[in-house]
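# Structural description and commentary
Chain by chain, the residues:
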Amino acid sequence: MAKRKFQNGYPVKRQKLKPKAIKEGSNEEVLLADVRHMLSAQSLSDESESETVSEQKSPRTKPGFSPPERFSEMNVKISEISSTGDGLGLASTSDHVYVVPFSIPGDVVKAKIINCFPQENYTLTDFVEVIEPATNRNESLVKCPYFAKCSGCQFQMLSYEEQLIHKKTILEKAYRNFSSLPPELIPIIGDTISSPLQYGYRTKLTPHFDGPPGIMSRKARRANAEIKWNGVPPIGFMQKGTRKTIDIEDCPIGTDAVRLGLKQERERVANEIALFRRGATLLLRESTKRSPKPKDGEPTPKPSKAEQESIDVASERPSTAINGVIPPISQSLVRIRGAEEEAQDHLHYVEEKTCVTDQNAISTEFIDNYIFTNPAGSFFQNNNSILSIFTAYIRDNILGPSSTAASVKTDTPRSNTSSRRSSPVPAAAALQKPITNLIDAYCGSGLFSITLSPLFTHTLGIDIAAASIRSAHVNALANDITNAKFISADATALFASVIFPPDETVVVIDPPRKGCDADFLRQLLEYAPRRVVYVSCNVHTQARDVGVLVEGTRREGVRVRYEIESLRGFDFFPQTGHVEGVAILSRLDEARAGAG
């Protein structure tokens, strides 16, 4: 009988080698595409290899590769970074790839074998240590003691300039691997637009803690067992590659208000841990208050005592628990005043930052002079420092090169548009009516509908979530927007009721990570708006969907399709492997479409 293996004192479960279904647009699919491309390139460069890697099938394991023992350690030379943010290194047999987190090309690292996928020719590992650092690895740049353990950041050891270059390659690979388009239909991708803040930018964090040991067992639930906490559990984020929670005392990518909120919430949980029946996720959301500066000679208004101490968002403890967790008596807002007073000298207002910890409390954000209020637990972009640049870019490009000069209005050094390809303006453009209508699909609380509204006569925002539509109405009123209408409807059944002439309409799409479904894209092609702006937090599903729009369809014997005018990445999350993508598309007129 084989001796049972142990890891960290626990018996090791056998790895399930049967391949599981890979979700479209998932990290697994993106990683597999990078692995296949790396092996294909290696095969082409190796004279001893005559067989190329198929793009449609998983490559077969070549003779000679022997999977290393699980949890053993080995040295790996890293050759490239995947679009998931992990380093990739070839096995000595050149037919297998080791995936190593927190590593960059040129590193030689010690890695621990975790899971081997021989049918897909790659192995997942844990980072142990750097044996020989790459020339561009700079450990002095790391500002977090949890880096290389916490799953949040991947690139703190890289200069910011190199991070931006890498994120440009993520877009390039996304459109190469997932758009199904020939290279000549994909424009040169512009340099990634940088975030003004590389640390201290996240306006929302959601640390969590797990429940007491054994509480979720079937036996404990049947017996209604007494809840026993063995001290305060770790409060933080997941350890990379595991389901283990790391205790995180501070997170340097959070704003000052959010970081103080984290400290306060950790103290609250420690004091009230006996009130919790299970684990919980905490909310830390920055909120901003703008106050007018006093005129010369007038005294500065003093805040009230209540403002100085805290603002209660829950006055009394509910008598019953919610989802098994008894809420605290009150959840104070951490206040930041005067931290940026020097930077605000030229402004006519002063900003005060607070941290909201109640899901249903209202948080407030400003983008230029636009104000947005939302329930603190709802979705809103988490890097306020880049939103002014981001919305300005879309505003400058949404109507096309014939209508406005495409530029990024920012003082940040990396925000240039010199490499963006401008498509030629069709000769018929001079005869076209101006675009006067905006449809904002997946509109949320109205970010694009409101910030773009001055460009249009009519704006229509649609979202499936009724709560988001309520927030959008409130935000439109707060910003004196009178030309915007918002409706709650499923975006997959959208265009049948739209009365805007498609030749005078632009559609903005900002879907969730899974992208648009086939029915929505079919409706969009049938409606055929003159321009489309596709904003995405997952550039791989964006590339897939844009490929469908470029391929087009036939409507009444005429081919309706789009060309990609520009592609650009925005770095909403510095130090991580994430990049936001913006694709600008213009409809090809019937004469040009018929010629294709």
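Reading the values: the criteria
Residues numbered from 1 in each chain as written. Predicted model: local features only at pLDDT ≥ 70, side-chain atom pairs only at ≥ 80, totals over all residues. Heavy atoms only, no water. Helix = DSSP H or I, 4+ residues; strand = E, 2+ residues; numbered from the N terminus. Buried < 20%, exposed > 50% of the residue type's maximum accessible area, 1.4 Å probe, protein only. Contact = heavy atoms within 4.5 Å. Pairing = 2+ DSSP bridges. Axes fitted to C-alpha atoms, helices over the stretch in contact; angles between N-to-C directions. Polar contact = N/O pair within 3.5 Å; in protein donor to acceptor, adjacent residues only side chain to side chain. Parallel < 35°, antiparallel > 145°, perpendicular 65-115°, else oblique. Left-handed = near helix turned anticlockwise from the far one by under 90°. Nonpolar A, V, L, I, M, F, W, Y, C, P; charged D, E, K, R; others polar. Phe/Tyr/Trp six-rings, centres within 6.5 Å; stacked < 30°, edge-to-face > 60°. Core = buried A, V, L, I, M, F, W, Y, C linked by side-chain atoms within 4.5 Å. pLDDT = per-residue confidence, 0-100. Expected span 1.5 Å × (residues − 1).

Here the focus is the overall build of the protein. Along the protein, the regular secondary structure elements total eleven helices and 27 strands. Split into buried and exposed, the 596 residues of the protein put 50% on the buried side. At a minimum sequence separation of 6, the contacts of the protein that also span at least 24 residues come to 69%.

A word on the side chain of T364. If you trace the backbone, T364 turns up in strand β17 (residues 362–367). For T364, a relative accessible area of 15% corresponds to the buried category. When neighbours within four sequence positions are excluded, T364 is seen to be in contact with E286, S287, T288, I371, F372 and T373.

The strand order across the open sheet built from seven strands is β21-β20-β19-β22-β23-β27-β26, with neighbouring strands paired in mixed fashion. What marks the edges here is a single partner per strand, and that holds for β21 (484–488) and β26 (562–570). Shown here is a sheet whose adjacent strand axes are inclined to one another by a mean of 15 degrees, direction ignored. Judged from the five bridges that link them, strand β19 (residues 437–441) and strand β20 (residues 458–463) form a sheet pairing that is parallel. Residue pairing in the sheet places N437 in a bridge with H458 of β20. Across the sheet, helix α9 (residues 518–527) lies against β19, β22 (505–509), β23 (531–536) and β26, angled at about 165 degrees from β22, the strand it touches most.

Moving on: the side chain of T192. When you line up the elements, T192 lands in the loop between α2 (160–178) and β9 (204–205). Residue classification places T192 among the buried positions, given a relative accessible area of 1%. In this structure the side chain of T192 is engaged in a polar contact, spanning 3.3 Å, whose partner is the backbone nitrogen of K168.

A word on unusual backbone geometry. The backbone phi angle of S94 is positive, close to 60 degrees, even though this residue is not glycine. Secondary-structure assignment places S94 in the loop between β5 (87–90) and β6 (97–100). Even without glycine at this site, D368 takes up a positive phi of about 55 degrees. Mapped onto the elements, D368 comes out in the loop between β17 and β18 (370–375). A relative accessible area of 34% means that D368 is categorised as partly exposed.

Attention now moves to the packing of α2 against helix α10 (residues 539–551). As a packed pair, α2 and α10 sit with axes 8 Å apart at the nearest point and diverge in direction by 45 degrees. Of the possible angle classes, the one that applies to α2 and α10 is oblique. Read as a crossing pair, α2 and α10 show a hand that is right-handed. Between α2 and α10, the residues in contact are I170, L171, A174, Y175 and F178 and V539, H540, Q542, A543, R544 and V546, respectively. Broken down by class, the residue content of the contact of α2 with α10 amounts to eight nonpolar, two polar and one charged.

Let's shift gears to the environment of P375. Note that P375 resides in strand β18. The exposure class assigned to P375 is partly exposed, which follows from its relative accessible area of 28%. It is 6.1 Å that separates the C-alpha atoms of P375 and S363, two residues lying twelve residues apart in sequence. Contact partners of P375, with chain neighbours within four places excluded, come to Q359, A361, I362, S363 and S471.

Here the focus is the packing of aromatic side chains. Applying the stated criterion across every chain yields a total of twelve aromatic pairs. A centroid spacing of 5.2 Å and a plane angle of 35 degrees characterise the contact between F117 and Y122, whose relative ring orientation is tilted. Here F117 falls in the partly exposed class, since its relative accessible area comes to 26%. Between the aromatic rings of F209 and F276, the centroid separation amounts to 5.4 Å while the plane-to-plane angle is 90 degrees, which identifies the pairing as edge-to-face. In this pair, F209 is assigned in strand β10 (residues 208–209) and F276 in the loop between α4 (256–272) and β13 (280–281), connecting sequence segments 67 residues apart. Accessibility classification places F209 together with F276 in one group, the buried group.

Moving on, we get to the nonpolar core. If you look at the biggest cluster of nonpolar residues, it comprises 72 residues, and the most contacted ones within it are F390, I394, I398, V533 and V582. Dropping the residues within four chain positions of it, F390 is found in contact with F448, V535, F570, F572 and V582. Counting 41 residues, the second-largest nonpolar core is a separate cluster that includes L171, I439, V498 and Y562.

Time to look at the sheet that holds strand β4 (residues 80–81). Sheet architecture is open: six strands sit in the order β3-β7-β8-β6-β5-β4, paired in mixed fashion. Every other strand in the sheet has two partners, leaving β3 (73–77) and β4 as the edge strands with one partner each. Inspection of the sheet shows β6 paired to strand β8 (residues 122–132) by three bridges, in the parallel sense. Residue V97 lies in a different strand from β8, and its bridge partner there is Y122.

Per-chain confidence: the protein averages 83 in pLDDT, with 76% of residues scoring 70 or above. The low-confidence segment residues 303–332, where pLDDT is below 50, has 49 contacts with residues more than four positions distant or belonging to other chains. Note that residues 404–428 has pLDDT below 50 and, in this model, 58 contacts with residues that lie over four places away or in other chains.

Right, let's talk about α2 for a bit. In this model, α2 (19 residues) spans 27 Å end to end at C-alpha, consistent with the 27 Å of a helix rising 1.5 Å per residue. When we look at burial in α2, the residues that qualify are Y160, Q163, L164, H166, K167, K168, I170, L171, K173, A174, Y175 and F178. Phi turns positive, to about 60 degrees, at S180, one or two residues after α2.

Take the environment of P401 next. Considering the arrangement of structural elements, one finds P401 in the loop between α6 (387–397) and β19. Relative accessible area serves as the criterion here: at 33%, P401 is assigned to the partly exposed category. Between the C-alpha atom of P401 and that of E565, which follows or precedes it by 164 residues, the distance is 9.3 Å.

Counting through the fold element by element, R568 comes out in strand β26. In this structure the C-alpha to C-alpha distance between R568 and D191, which are 377 residues apart in sequence, comes to 6.9 Å. One polar contact links the side chain of R568 to the main-chain carbonyl oxygen of D191, over a distance of 2.8 Å.

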